[in-house]
Amino acid sequence: MKRNATAVWNGSLKEGAGKLTTESTTLQDTQYSFGSRFETGVGTNPEELIAAAHSGCFTMQLSAYIGEAGHEIDSIETKCVVDFQDGSVVSSHLSVHAKVQGISEADFQELVTKAEKNCPISKLLNTKISSEAVLG
């Protein structure tokens, strides 16, 4: 399976602007710019998209592990914070809140750690990855 997205940029770094489009068209000419990346401009930025990809991928992986362990999931919510400093992504932190029936705290934390290490986006990122998880 291959997925794709396209970026189009016009102009210089600071004055220019770009548009992102994904194969699914979920993003369709979505704007991004120097301002949206380094200041507070309107639009998205690569780090925000990495955070979305990491939180989504991790949450699906955790769901798979919880299901394999025989537990029913009411909900899992994951917030990802990607830290971009001096031109590098230096970390990705996952904050998880989940409601899962019949799972112990220890088993839940073990599955969170396993998902953190094994989701495909975690494997892709060459940075420090951490998580904190709350059950209940």
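From a predicted model like this one, the values you see are computed outputs, not experimental measurements. (Residues numbered from 1 in each chain as written. Predicted model: local features only at pLDDT ≥ 70, side-chain atom pairs only at ≥ 80, totals over all residues. Heavy atoms only, no water.)

Draft legend 1. Quick peek at the side chain of T59. Assignment of secondary structure puts T59 in helix α2 (residues 46–68). Under the relative-accessibility criterion, T59 is labelled buried at 17%. Excluding anything up to four places from it in sequence, T59 contacts I76 and T78. (Helix = DSSP H or I, 4+ residues; strand = E, 2+ residues; numbered from the N terminus. Buried < 20%, exposed > 50% of the residue type's maximum accessible area, 1.4 Å probe, protein only. Contact = heavy atoms within 4.5 Å.)

Draft legend 2. Structural view of the side chain of S95. Tracing the backbone through its elements, the reader meets S95 in strand β5 (residues 88–101). Side-chain polar atoms of S95 contact the side chain of E132, separated by 3.4 Å. (Polar contact = N/O pair within 3.5 Å; in protein donor to acceptor, adjacent residues only side chain to side chain.)

Draft legend 3. View of the environment of N4. Structurally, N4 is set in the segment before β1 (5–10). On a C-alpha basis, the gap between N4 and S63 in space is 25 Å, while along the polypeptide they are 59 residues apart. Those residues within four positions of N4 in sequence are excluded, and the remaining contacts are T22 and E23.

Draft legend 4. Just helix α3 (residues 105–118), in detail. Between its first and last C-alpha, α3 extends 20 Å over 14 residues, near the 20 Å set by a 1.5 Å rise per residue. Those residues of α3 that sit buried are F108, L111, V112, A115 and E116. Looking straight down α3, one finds its buried side chains confined to an arc of 140°; they lie on one side. Exposed and facing more than 90 degrees away from the buried side of α3 are A106, E110 and K117. (Expected span 1.5 Å × (residues − 1). Arc of directions from axis to C-beta.)

Draft legend 5. How the structure looks around the sheet that holds β5. Reading across from one edge, β4-β5-β6 is the order of the three strands in this open sheet, with mixed pairing throughout. Edge positions in the sheet fall to β4 (72–85) and β6 (128–135), since each has one partner strand and no second. For this sheet the average axis-to-axis angle between neighbouring strands, irrespective of direction, equals 15°. Note that β5 and β6 share eight bridges and pair parallel. Directly across from S95, in β6, lies its bridge partner E132. (Pairing = 2+ DSSP bridges. Axes fitted to C-alpha atoms, helices over the stretch in contact; angles between N-to-C directions.)

Draft legend 6. Spatial organisation of the sheet that holds β1. Strand order in the open sheet formed by three strands is β1-β2-β3, and the pairing between neighbours is antiparallel. Strands at the two margins of the open sheet, each flanked by one partner only, are β1 and β3 (30–33). Geometrically, the sheet is characterised by an average inter-axis angle of 25° between neighbouring strands, direction not taken into account. By the bridge criterion, four bridges tie strand β2 (residues 17–22) to β3 in an arrangement that is antiparallel. Looking across to β3, one finds that G18 is bridged to Y32.

Draft legend 7. Structural context of the packing of aromatic side chains. Enumeration over the complete set of coordinates arrives at three aromatic pairs. Aromatic rings pair up to connect F34, F38 and F84 into one cluster. (Phe/Tyr/Trp six-rings, centres within 6.5 Å; stacked < 30°, edge-to-face > 60°.)

Draft legend 8. Spatial organisation of the confidence of the model for the chain. Across the chain, pLDDT averages 96, with 100% of residues at or above 70. No element of the chain has a lower mean pLDDT than helix α1 (residues 34–38), which averages 93, and none a higher one than α3, which averages 98. (pLDDT = per-residue confidence, 0-100.)

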